Amino acid sequence: MPTSPSELFDLAVVGAGPAGLAAAVTAADLGLRCVLLDGADRTGGQYYRHPAPGLGAARPDRLHHGWAAYTGLAARLTAHRRAEFRGGHQVWALERTEDGFAVHVTLGPEAAERTTVRARTVLLATGAYERQLPFPGWTLPGVVTAGGAQAMLKAGLVLPGRRIVVAGSGPLLLAAASSLVGAGADVPAVVEASGYLGYARRPGVLAAVPAKLVEGAGHGSALLRHGVRLRPRSAVVEAHGDERVTGVTVARLGADWRPLPGTERRIDCDALAVGHGLLPQIELATELGAQTRTGPDGAVALRVDARLRTTVPGLWSAGETNGVGGADLALAEGELAAHAIAGEPPERALLRRRARLRAFAELMAAAHRPGPGWTGWLRPDTDVCRCEEVPVARIREAVEELGAGDPRTVKLLTRAGMGWCQGRMCGPAVACLSGATGAGPDRRPLACPVPLSQLAAGASE
Amino acid sequence: MVGAGVVGAACAYYAARAGLAVAVVDRGPVAGGTTGAGEGNLLVSDKEPGPELDLALLSLRLWRELAEQLGPAVEYEPKGGVVVASTAAGQQALRDFAAGQAAVGVSAEEVPAERLHELEPHLAPGLAGGYHYPQDAQVQPALAAAHLLREARRMGAELSTGETVTAVERGPDGAVRGVRTDRRRLAAPAVVNATGAWGAELAALAGAHLPVLPRRGFVLVTEPLPRVVRHKVYSADYVADVASGSAGLQTSSVIEGTPGGPVLIGASRERVGFDRTISHEAIGRLAAEAAALFPVLAQVAVMRTYRGFRPYLPDHLPAIGEDPRVPGLYHACGHEGAGIGLAPATGLLISEQLTGKRSELDLAPFRADRFPASTDPLEKP
C-alpha cells in the first residue's frame, strides 16, 4: 500500500502519442506541473511507434512521417523540470475528487500494488483503435489489421507476409500499403470500399491543407512505382485458406456498400491487412458522463468546445478522441488544449491550423463512412465476436426472435462483446446487426482489465 | 404488461398460458433495466421464514418446470449455495437461521470447517464453518426474460419495445381502461406494473402511491476461468445486508462461477438514487471480500463491472396483486435483489388473480396500499 500522500499535479495527460506529448510539453512551458501517463514504456503512442530495442534499427525515421517532430517533442519533455513521463501506467478509470481527479492506474498484472495519480485537471489523449468489420475468413491466420501491419513493421521490422492485399476503407490503407511496399512486400491490390469522390465535393477544404495533398500524393506515387493496383468501391468479401490465408475474393460494391453479385474475382496472397478507419477511445471520459457526438464517419467522439473542454468540468480532450483526424491535428489540439488549461491565449495561427485540419478530418470521415450494405457479405456462420465465438446467426436470432434491438441487449443475450477486447473489435458490427440507430457510446467502467487484488487495494485507501 | 424485464416476462408468460390476450410494452429493450444487470440468483438460503420465503419456494419449483420447458438456453443451474461463517458466533447464527427455515421446507446441511473444502476446494483456510443449501439455483437473467417472452409470443402475446407508456387511463368509476403510449392507445381492463425500480412512476400515472426506491449495486466480472467456484458462495453478512434498510454502502460478496467461464462477484447495496457513477469504494470492497474468501482470485483479472438498480420497498417485500385503490391496476414490482428468483411465482399469482382463480399464496403481505402516503417515493439520498 502506498502510504505517502501522492503529489497533486496541475495536469495529468493520459496518452503519450502526438496529442499528449504536445500537450505535456506545452503545458510545462506555460508553467504547469504535469505528468504524462501511458501504458507503453516509451512515449510516442501508436503513431510514433519505436522499433523494439535489440533489433538494432538504425533509421526508424524511414518508416515514419514526422519522426523529427517526435524527437523534438521527446527531447523537450526529457529536458523539462515541470513535466514527468510515467511509462507502463495503464489508466483504467478516472474518478472526480474534491481537488480534481484521481487517475487510477495499473502497472500491469504482475504489479503488487495499484497506483493513483492525483491532478487538478486531466487531458484525455487516448487516441483511437481500429474499426473492424467481419467477413467470412477474417479470423484466419495471416489476416491482420491495417494498423497492425504497420505496427509490426514499425516495432518489429517484420512483414505479415510476402504478398499482402490491403483492404478496407480510410486513409490508413494508402499509408499502410506504401510502408509495406517500401519494406519490400508485394502488394497486389489496395481494395478501398469508398469511392474517394467524397473528397472532391469540398475542394476548398482540401486546398486549405496542402500538406495533406502532398502526403497523399507521396503515398500514391510510391504505390504507382511499385505497380500497386487501387480498387475503389470494392471490398474483400471472403478470405480463403485452411491453416492460413491463401487468397481473397474481392467484389465491387454498390453505393451503400452492398456487394454486387457477379463482380467477384480472386486474388492470391499470403496475408491480408484490413481496416475500416479508426474509432475514438473515449471510455475514460464517458464513464464520467462526458457528452458525445456522432461524427460523419458514424464514430462516437467526445463533444468539446472551441477550447477543447469536454462537458465534464476539469476534463479536456485532444486529438483522435475528438474525432479521428491524424497526427498533425493531434499535435495542434494538444498544444491548443494546453493553452486553454493554462489559461493562456493561443496564437491565432494555431487556432487557424487546427480549424483547417479539423475540417479536413470531417471531410475524410464522411468519405469513408461504412455503408449499411456491408452486412451483405456476411454468412450465417461468420463469427462476429471472435473472443466469444458468436456467429451472425446467433445475433440475428437475438434480434429477430428474442426482442433485442440494441447492442447492449444483443450482448446480454449472445455474449458478443464480453470477451477480452470488451467489444472493441465487434462493437461496430454488432451495433449494425442489432439495427440500432444512433447508438450511444460503449460503456466500459474499467478501461482495461485490472487484477482483483489491485481493485481490492482501493477499498482501504 | 408494462415492463419487459424478467417479472413482466413471467407475467406475460403465465397470463398468455391462461388464455388472456396480452401486450407487453417497454420503453427500453427486453431485459434493459435491472434484469440485464442481475446475477440470476434463485435463492432460498438468504430468506427468513415469512411471505418472501413462501414466494421463493413456489418460484423455485416453477423455475425447475420452466427450465425443462425453455431448455438449456436460459442456463439454469441447480448448483446449490454455500454460506460461510468466519467466526463461531457467525456459525451459530447460521445454525439458528437454518433451523427456522427447515420448519417451512428449506433444506440446509451444516458443513463443519474441515469439510468446507470438499464443497469448495479454493475457499480460504480458517473459516468457522458453513451451511449448504442444495435448493439454491441460478439462471442467466436476460436470456430467461427473453425466452419467457418468446414463449408468451408463441401463445399470442404481443411485444413492443422502445414504446413509452405516458398515461394510465381510468374510467369514471376509477377503474383502469388501458394505457396511452407515445405511439398509440392500448385498451385493456387490466394493467400490470412490472416496471421494477421505476414502479413508483407508473403507479403515480395511475394515481397510486407506491414508494419503490432504487438501491444501487455493482457486480464484478472476472476473466474466464476453469471452474474454481462451484456453488453460489457468500458470507453470513450477506443476509444482514439484504434485510438492512440503511442508505449507506454495504457489501457482502456473493461469488459464483458461470457456464461462460467468468466468475461473478456481487453485489454492493447503497441508496443513491439512479446515480450511475462508478463507486470505487464499492467495487474495491467487493474485490477485497472476494479475495478474502477465495485467495486464488487475487491475481485474476477483473474484465468489467456493471451496475444496476434494485427496486426496493421499505419493508423489503414486493408489491404483488391488484391495487385495492385502483381497480384494474396490478403491481408486480419491488422485488429488490430477488426479482429473477421470484419472477415465476409473481407471474403465476398475477395470472391467477387476473383469471379469478384461487391464489396459491396469501397476497395480503404484498398489498400495494400497505405504505403510509407520507413515504415519498422520489426521496433523494
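Residues numbered from 1 in each chain as written. Chains lettered and ligands numbered in written order. Predicted model: local features only at pLDDT ≥ 70, side-chain atom pairs only at ≥ 80, totals over all residues. Heavy atoms only, no water.

**Let's talk about the overall build of chain B**
Okay, step 1: Regarding its fold elements, chain B presents 9 helices and 18 strands.
Okay, step 2: For 381 residues, the compact-globule estimate of 2.2 N^0.38 gives 21 Å, and the C-alpha radius of gyration of chain B, at 20 Å, lies within 12% of that figure.
Okay, step 3: Principal-axis analysis of the C-alpha atoms places the extent of chain B at approximately 65 × 40 × 35 Å.
Okay, step 4: In chain B, the proportion of contacts linking residues at least 24 apart, taken out of those at least 6 apart, comes to 75%. (Helix = DSSP H or I, 4+ residues; strand = E, 2+ residues; numbered from the N terminus. Rg over C-alpha atoms; globule rule 2.2 N^0.38 Å. Contact = heavy atoms within 4.5 Å.)

**Looking at the environment of Pro311 of chain B**
All names here are of chain B.
Okay, step 1: With respect to the helices and strands, the residue Pro311 is situated in strand β16 (residues 301-312).
Okay, step 2: Considered as a pair, Pro311 and Ala197 are 114 residues apart in the sequence and their alpha carbons are 3.8 Å apart.
Okay, step 3: Aside from chain neighbours lying at most four places away, what touches Pro311 is Thr34, Gly196, Ala197, Val212, Leu213, Gly334, His335 and Glu336.

**Section: the nonpolar core**
Okay, step 1: Counting residues in hydrophobic clusters, the biggest one holds 111 residues, and the most contacted among them are Phe135, Val248, Leu272 and Trp377 of chain A together with Trp63 and Leu148 of chain B.
Okay, step 2: Viewed by domain, this core spans two of them, domain 2 (133-275) and domain 3 (378-460) of chain A, each represented by three or more residues.
Okay, step 3: Beyond its immediate chain neighbours, meaning those up to four positions away, Leu272 of chain A contacts Phe135, Gly142, Val143, Val144, Ile164, Val165, Ala167, Val236, Ala239, Val245 and Val248 of chain A.
Okay, step 4: Membership of the second largest hydrophobic core comes to 37 residues, among which are Ala93 of chain A together with Leu225, Val263 and Ile283 of chain B. (Core = buried A, V, L, I, M, F, W, Y, C linked by side-chain atoms within 4.5 Å. Buried < 20%, exposed > 50% of the residue type's maximum accessible area, 1.4 Å probe, protein only. Domains from an automatic or database assignment.)

**So, helix α9 (residues 327-342) of chain A**
Residues and elements named next belong to chain A.
Okay, step 1: For α9, with 16 residues, the first-to-last C-alpha span of 22 Å sits near the 22 Å given by 1.5 Å per residue.
Okay, step 2: α9 sits mainly inside the fold: 13 of its 16 residues count as buried.
Okay, step 3: At the exit of α9 stands Gly343, carrying a positive phi of roughly 75°. (Expected span 1.5 Å × (residues − 1).)

**Quick word on a positive patch on the surface**
Residues and elements named next belong to chain A.
Okay, step 1: Judged by side-chain charge, Arg348, Arg352, Arg353 and Arg356 come together as a positively charged surface patch.
Okay, step 2: Take Arg356: it is sitting in helix α10 (residues 348-367).
Okay, step 3: Residue Arg356 is classed as partly exposed on the basis of its relative accessible area, which comes to 34%. (Patch = residues over 30% accessible without salt bridge, like charges linked within 9 Å, V, L, I, M, F, W, Y side chains within 5 Å. Areas by Shrake-Rupley, 256 points an atom, 1.4 Å probe, with all protein chains shown as cover. Salt bridge = Lys/Arg side-chain N within 4 Å of Asp/Glu carboxyl O. Lys, Arg positive; Asp, Glu negative; His and termini not counted. Charge placed at Lys NZ, Arg CZ, Asp CG, Glu CD.)

**Brief notes about the pattern of salt bridges**
A side chain with one charge may pair with a side chain of the opposite charge, provided their charged atoms come close.
All names here are of chain B.
Okay, step 1: Applying the stated rule across the entire model yields 42 salt bridges over all chains.
Okay, step 2: Taking the shortest distance from any N to any O, the salt bridge between Arg27 and Glu201 comes out at 3.8 Å. Residue Arg27 is found in the loop between β1 (23-26) and β2 (41-42), and its partner Glu201 is found in helix α6 (residues 199-205); the two are separated by 174 residues along the sequence.
Okay, step 3: For Glu201, a relative accessible area of 41% translates into the label partly exposed.
Okay, step 4: The shortest N-O distance in the salt bridge between Lys47 and Asp46 comes to 3.0 Å.
Okay, step 5: Note on Asp46: relative accessible area 10%, which makes it buried.
Okay, step 6: The structure contains a network of salt bridges with shared partners spanning Glu77, Lys79, Arg227, Lys232 and Glu256.

**Details of the environment of Ala152 of chain B**
Residues and elements named next belong to chain B.
Okay, step 1: Inspection of the secondary structure puts Ala152 in helix α5 (residues 141-154).
Okay, step 2: In this structure the C-alpha to C-alpha distance between Ala152 and Val22, which are 130 residues apart in sequence, comes to 8.5 Å.
Okay, step 3: If sequence neighbours within four positions are ignored, Ala152 has contacts with Ala12, Tyr13, Ala16 and Ala157.

**Considering the UniProt feature "domain: BFD-like [2Fe-2S]-binding" (unreviewed entry) in chain A**
Okay, step 1: Annotation from UniProt places "domain: BFD-like [2Fe-2S]-binding" (unreviewed entry) at residues 384-431 of chain A.
Okay, step 2: Its end C-alpha atoms 11 Å apart, residues 384-431 of chain A is made of 46% helix and 8% strand. (UniProt positions renumbered as here; feature names shortened; annotations may be inferred.)

**Quick notes on the interface of chain B and chain A**
Okay, step 1: Between chain B and chain A, the contact holds 43 residues from the first and 35 residues from the second.
Okay, step 2: Here chain B meets chain A over a buried area of about 3100 Å², counting both sides, of which 58% is carbon and sulfur.
Okay, step 3: For the chain B face of the interface with chain A, the top three residues by lost area are His280, Met303 and Arg304 of chain B, together amounting to 22%.
Okay, step 4: Our enumeration of links across chain B and chain A arrives at 3 salt bridges.
Okay, step 5: Scanning the region where chain B abuts chain A turns up 8 residue pairs in polar contact (both at pLDDT 80 or more).
Okay, step 6: Of all the secondary-structure elements, those providing two or more residues to the side of chain B that touches chain A are α5, β7 (158-161), β12 (213-224), β15 (262-269), α8 (280-293) and β16 of chain B.
Okay, step 7: No other element matches the 9 residues that α8 of chain B contributes to the side of chain B that touches chain A.
Okay, step 8: Considered class by class, the residues forming the side of chain B that touches chain A number 24 nonpolar, 11 polar and 8 charged.
Okay, step 9: Relative to β16 of chain B, strand β22 (residues 450-451) of chain A runs antiparallel, the two sharing 2 bridges. When the bridges of β16 of chain B are listed, Val450 of chain A appears paired with Val302 of chain B. (Buried area = accessible area lost by both parts, 1.4 Å probe. Polar contact = N/O pair within 3.5 Å; in protein donor to acceptor, adjacent residues only side chain to side chain. Nonpolar A, V, L, I, M, F, W, Y, C, P; charged D, E, K, R; others polar. Pairing = 2+ DSSP bridges.)

**Some points on the sheet that holds strand β9 (residues 176-181) of chain B**
Residues and elements named next belong to chain B.
Okay, step 1: Ordered by their spatial adjacency, 3 strands build an open sheet running β8-β9-β10, and the pairing between neighbours is antiparallel. A single partner strand is all that each edge strand has here, and the edge strands are β8 (165-170) and β10 (185-187). On average, each strand axis in the sheet is tilted by 20° relative to the strand beside it, whichever way the strands run.
Okay, step 2: For β8 and β9, the ladder comprises 5 bridges, and the chain directions are antiparallel. Looking across to β9, one finds that Val165 is bridged to Thr181. (Axes fitted to C-alpha atoms, helices over the stretch in contact; angles between N-to-C directions.)

**Quick notes on the sheet that holds strand β10 (residues 189-192) of chain A**
All names here are of chain A.
Okay, step 1: The parallel open sheet is built from 5 strands, whose spatial order is β8-β15-β9-β10-β11. Where the open sheet ends on each side, the last strands, each with one partner, are β8 (143-145) and β11 (229-231). Each strand of the sheet is rotated relative to its neighbour by a mean of 20°, with strand direction disregarded.
Okay, step 2: Summarising the sheet, β8 and strand β15 (residues 271-275) pair through 3 bridges and their orientation is parallel. Paired with Val144 across the two strands is Ala273, which belongs to β15.
Okay, step 3: Each of β8 and β15 touches helix α3 (residues 146-156); the most contacted strand, β8, lies at about 85° to it.

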